[in-house]
Protein chains: 2
Amino acid sequence: MAQIATIKKVSRTLIATKGVSGLSLREVAREMGVVSSALYRYFATRDDLLTALIFDAYNDLGASVERADAKASSESAGERFRITARAVRRWARRHPHEYGLIYGTPVPNYVAPVSTIEAATRVPRVLSKILSDAQEAHPFPLNVDAARDVDQFLEVEALEEVLVDVPREMYVRALMAWNMIFGFLSFELYGHYVGSVKNANVMFEKVLDELAGLLGL
Amino acid sequence: MAQIATIKKVSRTLIATKGVSGLSLREVAREMGVVSSALYRYFATRDDLLTALIFDAYNDLGASVERADAKASSESAGERFRITARAVRRWARRHPHEYGLIYGTPVPNYVAPVSTIEAATRVPRVLSKILSDAQEAHPFPLNVDAARDVDQFLEVEALEEVLVDVPREMYVRALMAWNMIFGFLSFELYGHYVGSVKNANVMFEKVLDELAGLLGL
DNA sequence: GCAACTAAGAGAGCGGTGCTCTTGCAATTG
DNA sequence: CAATTGCAAGAGCACCGCTCTCTTAGTTGC
């Protein structure tokens, strides 16, 4: 196996057990039976390795969600929304540290490269497709006022690339739903539901119900 | 000044400039003109120092929000909700790294002590009071079904201590609103709105409008 | 078939980290 | 005055990211 792939694989298992702050190049090297300086031939810095892992995590999550939606193509829009949202959650719970890598506190001075941004839109794209399909099937009565000034605070040109065929009236709620899903997972994974939510599975379904209502699904 | 207070103060300025991962006991000691081992008399470990800072951050945020709500006591419930939510956001934007300390990726193996949990409920308590006041003033028509099985997935006994006089029918939406506010801030502060939201001030107001609608405010 | 080049790891070392343990000093107390 | 206590200093351990030079193994070109 190419060394780069091995390094990333070992790093992922290390992150899975000790968290991202517990990832050290020296330990990766030790695990590989190689001296630490050898790794610098493949990753100039620890942050470069993290960037590669972030990129992979976005794509892994994106692929999982795309797969889930593809399998649910015959379902109703509301069901597809729930299925894909559950796929996001399942991935997050299975890879909590990789989730933290992409949706937790960013490493200081980290600037996402363009390729990462691209990978990060895969989940929103899936949710967007469901919205536009639903809107096409039976249009949801929308408040036209909501579309008037969205270009004042949203990057409509960029959003149109992701929210294809989604009416502008829905942009705010669509962003909210996206945000709510990941906000929920952060709260769940980071322990903010301890003492208030005892069955996150059920609570998540309730949240999905509310979001579906908000989105007219 | 007591050494403990000095250590925390220096730590806070250090965190503000270099982030939480950039906080080192040795640098704190250097800044104080003292040798690093001296600090271990006051904090047995770096994590203990962080725990103290987390506790302070929760209380600082809680006090800010309580103050904002107290000043808005004559306003309508909807306005109070917006004012306190804005206070949360203002605090988060002014103390992004302390925000990360409490709502970002937790340090591995970290377990919040009871005192911290108590401090963490100050914001929810304020939001809850607004809800119960509004419900008292003019009751919001609630779906009684929503109250039926909440004890199946929520810690109703513990929640009743915080959500005082808030009808159970609203528990899910109340938790969602709380979660949405912090989810929004995490997205805003951690750069997930780059490329989609260009004016977070306005977007936040739109989100508050939606949440107010959801809560009947 | 041999020389030249290249890819990849070894090893030493720098300055940094959290943390421990022993030592020394100074103030306070009995 | 003697004893105790509080507090900081200093040395040192094992780890970290990262840099630099050196050696080895393999490949290429003639």
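In what follows, the accompanying structure is described. Only a predicted model underlies this, so the values are computations on that prediction, with no experimental measurement involved.

Reading the values: rules and limits
Residues numbered from 1 in each chain as written. Chains lettered and ligands numbered in written order. Predicted model: local features only at pLDDT ≥ 70, side-chain atom pairs only at ≥ 80, totals over all residues. Heavy atoms only, no water. Axes fitted to C-alpha atoms, helices over the stretch in contact; angles between N-to-C directions. Helix = DSSP H or I, 4+ residues; strand = E, 2+ residues; numbered from the N terminus. Parallel < 35°, antiparallel > 145°, perpendicular 65-115°, else oblique. Contact = heavy atoms within 4.5 Å. Nonpolar A, V, L, I, M, F, W, Y, C, P; charged D, E, K, R; others polar. Near = heavy atom within 4 Å. Polar contact = N/O pair within 3.5 Å; in protein donor to acceptor, adjacent residues only side chain to side chain. Salt bridge = Lys/Arg side-chain N within 4 Å of Asp/Glu carboxyl O. Buried < 20%, exposed > 50% of the residue type's maximum accessible area, 1.4 Å probe, protein only.

Packed helices, taken two at a time, are described by the angle between their axes plus the distance between the axes. Residue and element names in this part refer to chain B. Remark: helix α5 (residues 77-94) packs on helix α8 (residues 122-137), axes separated minimally by 9 Å, with the N-to-C direction vectors making an angle of 170 degrees. Classed by the angle they form, the pair α5 and α8 counts as roughly antiparallel. Residue-level inspection shows Ala77, Arg80, Phe81, Thr84 and Val88 of α5 in contact with α8, the latter providing Val123, Val126, Leu127, Lys129, Ile130, Asp133 and Ala134. Considered class by class, the residues forming the contact of α5 with α8 number eight nonpolar, one polar and three charged.

Neighbouring DNA strand C are 18 residues; A:Gln3, A:Val35, B:Arg26, B:Thr45 and B:Arg46 lie closest to it. When atoms of DNA strand C within 4 Å of the protein are split into backbone and base, the sugar-phosphate part holds 46%. One nitrogen or oxygen atom from the side chain of B:Arg26 is found 2.4 Å from a base nitrogen belonging to DNA strand C. When residues of the surface near DNA strand C are traced back to their parent elements, those giving at least two are α2 (25-32) and α3 (36-39) of chain B. Its residues placed into classes, the surface near DNA strand C shows seven nonpolar, six polar and five charged.

We now examine the pattern of salt bridges. All names here are of chain A. This model, assessed by the stated rule, comprises 32 salt bridges over all chains. Measuring nitrogen to oxygen at the nearest pair gives 2.9 Å for the salt bridge that ties Arg89 to Glu188. Here Arg89, found in helix α4 (residues 77-94), pairs with Glu188, found in helix α11 (residues 171-189); they are 99 residues apart in sequence, far enough to count as distant. We note that Arg89, like Glu188, is buried. Across the pair Lys129 and Asp133 runs a salt bridge, and its minimum N-O distance is 3.1 Å. Here Lys129 and its partner Asp133 are both found in helix α7 (residues 122-137), four residues apart, which amounts to about one turn of the helix. By relative accessible area, which is 22% here, Asp133 ends up partly exposed. Residues participating in the shared-partner salt-bridge network are Asp69, Arg80, Lys129 and Asp133.

Taken together, 18 residues form the shell around DNA strand D, and within it A:Arg26, A:Arg30, A:Thr45, A:Arg46 and B:Tyr42 come nearest. By atom count, sugar and phosphate contribute 45% of the portion of DNA strand D lying within 4 Å of the protein. The separation between a phosphate oxygen of DNA strand D and a polar main-chain atom of B:Val35 is 2.7 Å. Between a phosphate oxygen of DNA strand D and a side-chain N or O atom of B:Tyr42, the distance comes to 2.6 Å. Elements with a contribution of two residues or more to the surface near DNA strand D: α2 (25-32) of chain A together with α3 of chain B.

Now for unusual backbone geometry. Residue A:Asp165 is not a glycine yet carries a positive backbone phi of 65 degrees. Relative to the assigned elements, A:Asp165 resides in the loop between α10 (156-162) and α11.

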